[in-house]
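# Notes for the structure review
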Amino acid sequence: MLDAILSPVGFISLVLFFGVGAIGALMFRKNDEFANVWSSFFAVAGSLWGVLFALLALNAAYPLLLSFGVNTFPLFSVSLTVDKLSAFFIFVISAIALFCSIYGYGYVKHYYGKYSIGTLGFFYNLFIIGMLLVVTASNAIFFLIAWEIMSVASYFLVVYDRNEQENVKAGFLYLVMTHVGTAFIIAAFLLLFKYTGSFDFEAVKSGALLIPASVKDVIFVLSLIGFGTKAGIIPFHIWLHGAHPAAPSHVSGLMSGVMIKTGIYMMIRIFLDLLQPVPTWWGPVVMIVGSVSALLGVLYALTEHDIKRLLAYHSIENIGIILLGLGSALTFSSLNLPSLALLGLVAALFHTLNHATFKSLLFLSAGSVINGTHTRNMEEYGGLIKYMPYTALFFLVGSMAISALPPFNGFFSEWLTFQALFQGMKSLDLFTKWTFIGSAGALAFTGGLALECFVKAFGATFLARPRSAEARHAKESSLSLKFGMGALAAMALLFGIFSGYVTSILNRIGLDFGFTSSFVSSTPEQSLAAGGFSIVSGPAFFILLAAVVLAVVFAVKFLVNRNQKVRVGATWDCGVDLTPRMEITSTGFARSIILIFKGILKPSIQREIEYRDADSRYLPISRKITLKVNDMYRTYFYAPLSGLVSFVSERAKYIQSGNINAYILYILVALLASLYLVK
Amino acid sequence: MESIFWAIQLVMVPVMSPLGVGIIRKIKAKLQNRRGASVFQPYKDLWKLLHKDEVLSSDASWIFKVAPYIIFAVTIVVGLSVPLFASFLQNTFTGDMLMVVYALAIGTFFLALAGIDTGGAFGGFGSSREMTVSALAEGGLIFALLTVAFRSGTTNLFAISNAAILNTGYSFLPVILSFFGFFIVLLAETARFPFDNPATHLELTMIHEAMILEYSGKRLALIEWASANKLFIFAALGANLFFPFGIAHDAQLGSIAFGVAFFFIKLSVIYIAIAILESSIAKYRFFRLPDLLLVSFVLNVVAVAFLI
Amino acid sequence: MFLKIFSISKKTKQVDPSDCKQADLIDIGEKIQSKINKLYKGSIAIRQVDAGSDNACEQELVALSNAYYDIERFGIHFVASPKHADVLLVTGPVTRNMAEAVKRAYQATPAPKLVVTVGDDAADGGIFMNSYAVQDGVNAVIPVDYHIPGDPPSPQTILCHFLKMLEMLEGKKQAK
């Protein structure tokens with residue numbers, strides 16, 4: 001039976017589950033509830049099937065190959081390869097889609113009557129199909145078709161809530177940026193075709209030696225920009241912080257947790273698989289891009305007071321961390337150190353899995369909060385832990401995981417990334433060595449700043465007292481939302497405790513790339529051992545910490561403090577009534593760090609004061625301080641660029657004179673030119 | 001046999017840490033020409049607090065109630081993961097340098113959340129400052145520990161203190177440089193001068209104290225004890241990783257006794273240095289602190305670059 | 001200079017402490033310390049509340065922490081929040097604006113607690129008695145356990161009365 005699942009039929013049925021879900025949702029769109037049930041059911045069923053399929057494929061000895069229509073078109077064929085790397089990404093997509101779909105069933109209910117649920121279900125399932133095909137495609141044209149399906153479906157999901165003008169603008173920017181990236185990708189594939197003669201990945205891989213080194217470098221830069229735009233590296237990230245918040249929350253979780261990883265997947269595929277062997281300077285460049293994205297991502301996250309924009313910037317930061325692992329893998333493979341290269345690759349893949357888990361968890365919790373309070377502005381939250389205790393608990397787990405606190409999963413993937421960087425610091429080349437040192441410094445600071453950002457996010461949202469009437473009337477979410485969040489939280493903890501097991505599975509993915517031995521291994525007691533340099537154990541830490549906490553609680557509460565009473569009183573307020581205005585706000589919390597980094601962030605402060613008497617200006621009625629950070633990239637990079645494009649197109653329109661004689665002249669000139677060139 | 005040593009290691013941190021705080025206060029008092037409280041005063045303070053009632057704010061959630069236990073438990077777990085008097089003990093589970101750094105970050109995380117939880121005016125900005133200082137100190141801390149890790153070829157803290165001491169001049173200079181960087185981070189993480197004044201009453205100047213203004217009774221005792229533990233752990237790291245002279249390498253009674261004695265001597269030197277520093281300089285203005293932390297980071301990066 | 005870290009303390013003199021003005025400081029100190037050790041497990045935390053005083057008593061209280069009187073050596077220290085405190089030391093005649101604040105400080109202090117008033121104003125309003133702006137003494141607002149007279153009392157008087165208060169508490173405890 002298992003053989004039947006891991007077969008072309010199995011994969012097609014995987015796609016069919018989502019396909020039926022999509023078409024059925026569209027067909028039954030007149031009935032909101034039925035469309036919701038239909039699309040959620042098929043999404044959940046498809047995800048379960050996908051998880052099973054992926055687990056089997058990870059254990060398989062040979063990659064699964066599917067292709068249709070090789071002989072119908074000369075360059076295009078529907079060919080798919082499910083090797084271990086693709087299987088891993090199918091697992092990530094399916095697992096996250098599973099819980100997002102369960103969550104989505106309950107979440108979408110507040111769109112009933114406002115928008116068409118059937119179209120939401122259609123595009124949601126189409127989006128997942130697109131992602132599945134992207135990670136398994138092995139023909140470049142088929143890949144581009146799947147890429148487009150994924151991008152366009154996600155565009156429609158981003159602009160789903162179209163009554164908000166800013167959502168529509170964010171969606172448009174997303175569409176433009178993703179197509180700019182696709183243009184770079186097409187250019188890269190065309191160059192590959194020119195020198196290897198085929199669009200099939202297998203043929204490209206065997207023909208990689210025919211590509212001259214300078215062209216390889218150009219392909220590297222084009223792919224980095226193209227896939228980096230999808231992944232969200234700085235400075236191509238300007239769409240991310242608009243698009244992810246605009247989409248419905250279960251889609252945000254899927255986009256931020258999974259879709260941006262498809263860019264990472266293709267980078268791994270092209271750099272580590274297709275274009276081998278690579279020059280030594282590629283790895284450090286990827287690492288520099290990763291360090292910059294990580295640091296700037298977390299700094300911009302600290303400036304945000306919209307909860308979903310904050311989480312979107314954290315996605316940029318974590319993509320930076322994944323790129324650090326990927327860059328170190330590239331460096332080591334170009335230096336012929338396969339076991340260390342596998343260490344870097346395992347670090348990148350583990351962080352991909354972990355980030356997908358905790359980022360979607362955080363987005364789902366944020367969606368639950370937004371559902372309850374009807375606002376995304378963190379300055380209006382407060383005290384929600386009393387009204388939404390489960391959401392608070394799951395957000396806390398997500399915060400601890402993303403800040404790399406043991407025993408959650410984020411710690412172990414950052415540990416692996418650190419190990420890869422530590423090993424690289426011993427390299428002989430000066431440029432490479434300082435890149436590794438700089439990246440390790442960036443990673444260290446990123447960890448600390450992310451911790452600060454999540455203290456701010458969790459504290460401003462859930463702790464202290466409610467700052468607005470909506471927060472005071474918030475209610476806990478329904479069961480399907482709690483189940484989706486809770487399952488992801490449990491996954492975050494389990495992947496951390498069983499990190500040894502996960503690492504041993506990830507090590508096997510290296511077989512795809514010819515890496516047979518790994519620097520990092522897992523011991524029988526589930527510890528992670530990095531080749532004699534470091535060793536750490538997830539289960540031991542968890543058990544030890546839990547045991548000590550219980551022992552301390554027992555000792556203090558029941559032995560030492562038995563006779564003492566606990567009285568509930570008021571917060572010490574120095575005799576003045578405490579209002580919710582006196583709590584720390586999220587902007588106030590981050591003010592110190594924004595001012596410390598004001599050279600990079602360039603904040604602007606606006607003060608508006610209203611006085612009782614405008615002439616004497618002694619007693620203010622109200623004082624409002626707006627601390628803003630402008631989007632530097634739009635002002636200094638994209639705005640001039642788009643200005644240039646507009647300028648050129650203004651001038652170019654003079655060709656269209658409307659005079660038919662001029663057009664006949666153009667045709668004659670073009671004919672003569674092409675005859676000359678063909679000769 | 002080893003379990004006896006582990007038992008001693010387990011209790012050494014909570015039992016000896018208030019004495020360390022008492023020594024610092026006594027030295028500061030003597031330098032101010034006072035007699036000061038006895039060195040065992042912190043024990044009496046903790047004992048009294050553990051036997052007092054508590055007043056909990058009605059705005060506080062379960063995080064406020066649970067945080068002191070977690071913070072204290074984390075310091076105990078880290079106490080088991082750092083070398084104190086014996087380097088032959090092996091902790092391949094939690095003795096990794098990165099795990100120790102991030103485990104201490106768990107404590108900082110919950111303390112900062114507890115500061116925000118009650119919704120008072122002081123706790124919030126105390127948390128903000130504490131997290132800013134802690135975020136910027138992590139770079140320096142990781143690189144300081146990395147220097148000694150590269151020197152001994154492993155990041156397991158027990159194994160680092162067990163490594164043969166290479167007293168050649170070439171590797172001694174990076175260790176001294178990174179010790180200075182580490183010392184700056186020690187002062188930052190344990191809320192000592194010039195980062196924070198642990199004895200201040202002015203809320204606007206508080207960093208660590210501001211977050212615990214709402215605690216009382218047994219929870220306050222646990223948090224004060226945890227912060228004394230943290231100081232002890234950092235001093236132990238400084239003493240044993242950078243200057244592992246005299247630490248017990250085998251389980252003989254003589255070397256154990258020697259190890260314990262040398263450990264206390266090294267710790268006393270560090271505590272006396274902290275006390276003299278606190279009596280000599282003033283607390284820095286908050287926005288000068290990032291410069292200091294960046295200095296620590298740069299010192300440590302230079303030390304690492306020297307070694308590899 | 002650093003050798004004074006290791007210097008040994010001076011010896012005590014014997015004197016009769018019944019009259020607070022003549023009593024020798026060191027002798028009071030020894031007795032306070034032993035009483036605190038017995039009754040309060042060796043440490044007392046004091047929170048000082050200024051209920052509208054003229055700051056004369058505050059200056060004397062600040063002098064208690066200087067190098068001459070050094071109240072810290074008895075295990076007494078001043079804390080920043082009433083939640084950390086065992087003893088509330090209230091000065092001033094409790095102005096109307098501070099009445100609520102004093103009550104809240106009292107409620108925020110965890111049991112077992114003591115309220116000690118310092119200075120004549122805190123007893124019955126002192127020189128501000130019958131003014132429209134004061135409540136005429138702290139015991140109009142919160143229950144007071146002990147009163148230290150003086151306007152302002154010198155640090156020596158404060159310490160001596162502290163001793164008397166501790167003796168009174170010891171007597172109460174033995175009577176129970």
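Not measured: the values here are computed from a predicted model.

Basis of the calculations
Residues numbered from 1 in each chain as written. Chains lettered and ligands numbered in written order. Predicted model: local features only at pLDDT ≥ 70, side-chain atom pairs only at ≥ 80, totals over all residues. Helix = DSSP H or I, 4+ residues; strand = E, 2+ residues; numbered from the N terminus. Contact = placed C-beta atoms within 7 Å. Rg over C-alpha atoms; globule rule 2.2 N^0.38 Å. Buried ≥ 20, exposed ≤ 12 C-beta atoms within 10 Å, placed from the backbone. Pairing = 2+ DSSP bridges. Nonpolar A, V, L, I, M, F, W, Y, C, P; charged D, E, K, R; others polar. pLDDT = per-residue confidence, 0-100. Core = buried A, V, L, I, M, F, W, Y, C linked by C-beta atoms within 7 Å. Axes fitted to C-alpha atoms, helices over the stretch in contact; angles between N-to-C directions. Domains from an automatic or database assignment. Parallel < 35°, antiparallel > 145°, perpendicular 65-115°, else oblique. Expected span 1.5 Å × (residues − 1).

## Regarding the overall build of chain C
What chain C contains, in helices and strands, is five helices and five strands. When the helices and strands of chain C are placed in sequence order, the string is α-β-α-β-β-α-β-α-β-α. Once local pairs closer than 6 in sequence are excluded, the contacts in chain C between residues at least 24 apart make up 76%.

## Quick word on the overall build of chain A
Counting its regular elements, chain A contains 26 helices and eight strands. Taking 679 residues into account, the globule formula puts the C-alpha radius of gyration at 26 Å, and chain A, at 27 Å, falls close to it. Taken along its principal axes, the extent of the C-alpha atoms in chain A is 95 × 70 × 60 Å. Within chain A, the fraction of its 679 residues that count as buried is 55%. Restricting to contacts in chain A with at least 6 residues of sequence separation, those with at least 24 account for 78%.

## What to know about the pairing of strand 1 (residues 54–57) of chain B
Of the two faces of strand 1 of chain B, the one carrying Glu-54 and Leu-56 of chain B and the one carrying Val-55 and Ser-57 of chain B are both buried. Summarising the sheet, strand 6 (residues 566–569) of chain A and strand 1 of chain B pair through four bridges and their orientation is parallel. Across the sheet, Gly-569 of chain A pairs through a bridge with Ser-57 of chain B, a residue of strand 1 of chain B.

## Some points on the interface of chain B and chain C
Facing the 29 residues of chain B at the interface are 20 residues of chain C. Within the residue set of the side of chain B that touches chain C, elements represented by two or more residues are helix 1 (2–31), helix 2 (41–50), strand 1 and helix 9 (217–242) of chain B. When residues in the side of chain B that touches chain C are grouped by element, the largest group, five residues, is from helix 2 of chain B. Counted by class, the side of chain B that touches chain C contains nine nonpolar, eight polar and twelve charged residues.

## Here's the deal with the confidence of the model for chain A
On average, residues of chain A score 90 in pLDDT, and 100% of them reach the 70 mark or higher. Ranking the helices and strands of chain A by mean pLDDT puts helix 16 (residues 389–402) of chain A first, with 95, and helix 1 (residues 2–5) of chain A last, with 74.

## A few points about the nonpolar core
Core analysis: the largest hydrophobic core is formed by 394 residues, its most contacted members being Leu-113 of chain B together with Val-102 of chain C. With 20 residues, the top contributor of residues to this core is helix 14 (residues 338–373) of chain A. When sequence neighbours within four positions are dropped, the list of residues in contact with Val-102 of chain C reads Val-49, Ala-51, Val-90, Val-94, Val-138, Val-141 and Ile-142 of chain C.

## A short note on the confidence of the model for chain C
All names here are of chain C. On average, residues of chain C score 83 in pLDDT, and 85% of them reach the 70 mark or higher. Contacts of residues 11–17 to residues separated by more than four positions or lying in other chains number twelve contacts, the stretch itself having pLDDT below 50. Scored as a whole, the predicted complex attains pTM 0.93, and scored at its interfaces, ipTM 0.95.

## Description of the sheet that holds strand 1 (residues 44–50) of chain C
Residue and element names in this part refer to chain C. One open sheet accounts for five strands, arranged 2-1-3-4-5; its pairing is parallel. The open sheet is flanked by strand 2 (76–78) and strand 5 (146–148), the only strands paired with a single partner. Across the sheet, the mean angle from the axis of one strand to that of its neighbour is 30°, orientation sign disregarded. For strand 4 (residues 114–118) and strand 5, the ladder comprises three bridges, and the chain directions are parallel. Looking across to strand 5, one finds that Thr-117 is bridged to His-147. Lying over the sheet, helix 2 (residues 56–64) contacts strand 1, strand 3 (87–91) and strand 4, oriented at roughly 140° with respect to strand 3. Along the sheet, helix 3 (residues 96–108) makes contact with strand 1, strand 3 and strand 4, crossing strand 3 at roughly 170°.

## Remarks on the interface of chain B and chain A
Tallying the contact residues gives 67 residues for chain B and 62 residues for chain A. Secondary-structure elements contributing two or more residues to the side of chain B that touches chain A are strand 1, helix 3 (62–79), helix 4 (97–117), helix 5 (121–152), helix 9 and helix 11 (289–307) of chain B.

## Quick look at the domain arrangement of chain A
With domains assigned, chain A is organised as domain 1 (278–560) and domain 2 (633–678). Here the C-alpha centroids of domain 1 of chain A and domain 2 of chain A sit 49 Å apart.

## Concerning unusual backbone geometry
That bond from Pro-406 of chain A to Pro-407 of chain A is cis: its omega, 0°, falls within 30 degrees of zero. Within the element layout of this structure, Pro-407 of chain A appears in the loop between helix 16 and helix 17 (409–424). In this chain, Ala-111 of chain C is followed by Pro-112 of chain C through a cis amide linkage whose omega measures -10°. Structurally, the position occupied by Pro-112 of chain C is in the loop between helix 3 and strand 4. If you check the backbone angles, Asn-336 of chain A has positive phi at about 65° while not being a glycine. Here Asn-336 of chain A shows up in the loop between helix 13 (307–334) and helix 14. Notably, Asp-70 of chain C is not glycine yet its phi reads approximately 45°, a positive angle. In this fold, Asp-70 of chain C is placed in the loop between helix 2 and strand 2.

## Notes on the packing of helix 4 (residues 84–107) of chain A against helix 14 of chain A
All names here are of chain A. The geometry of helix 4 relative to helix 14 is characterised by a closest axis approach of 10 Å and an angle of 10° between their N-to-C directions. Taken together, helix 4 and helix 14 sit at an angle that is classed as roughly parallel. When helix 4 is examined against helix 14, the residues Phe-88, Val-92, Ile-96, Cys-100, Tyr-103 and Tyr-107 are found in contact with a partner set consisting of Leu-349, Thr-352, Leu-353, Ala-356, Ser-360, Leu-364, Gly-367 and Asn-371. Among the residues forming the contact of helix 4 with helix 14, the class breakdown is ten nonpolar, four polar and no charged.

## Comments concerning helix 5 (residues 155–175) of chain C
Because each turn of an α-helix spans 3.6 residues, side chains separated by three or four positions in sequence point in the same direction. A rise of 1.5 Å per residue sets the reference length of helix 5 of chain C, with its 21 residues, at 30 Å; its end C-alpha atoms lie 30 Å apart and thus fit the reference within 8%. Listing the buried residues of helix 5 of chain C in full gives Pro-155, Gln-156, Ile-158, Leu-159, Cys-160, His-161, Phe-162, Leu-163 and Leu-166 of chain C.

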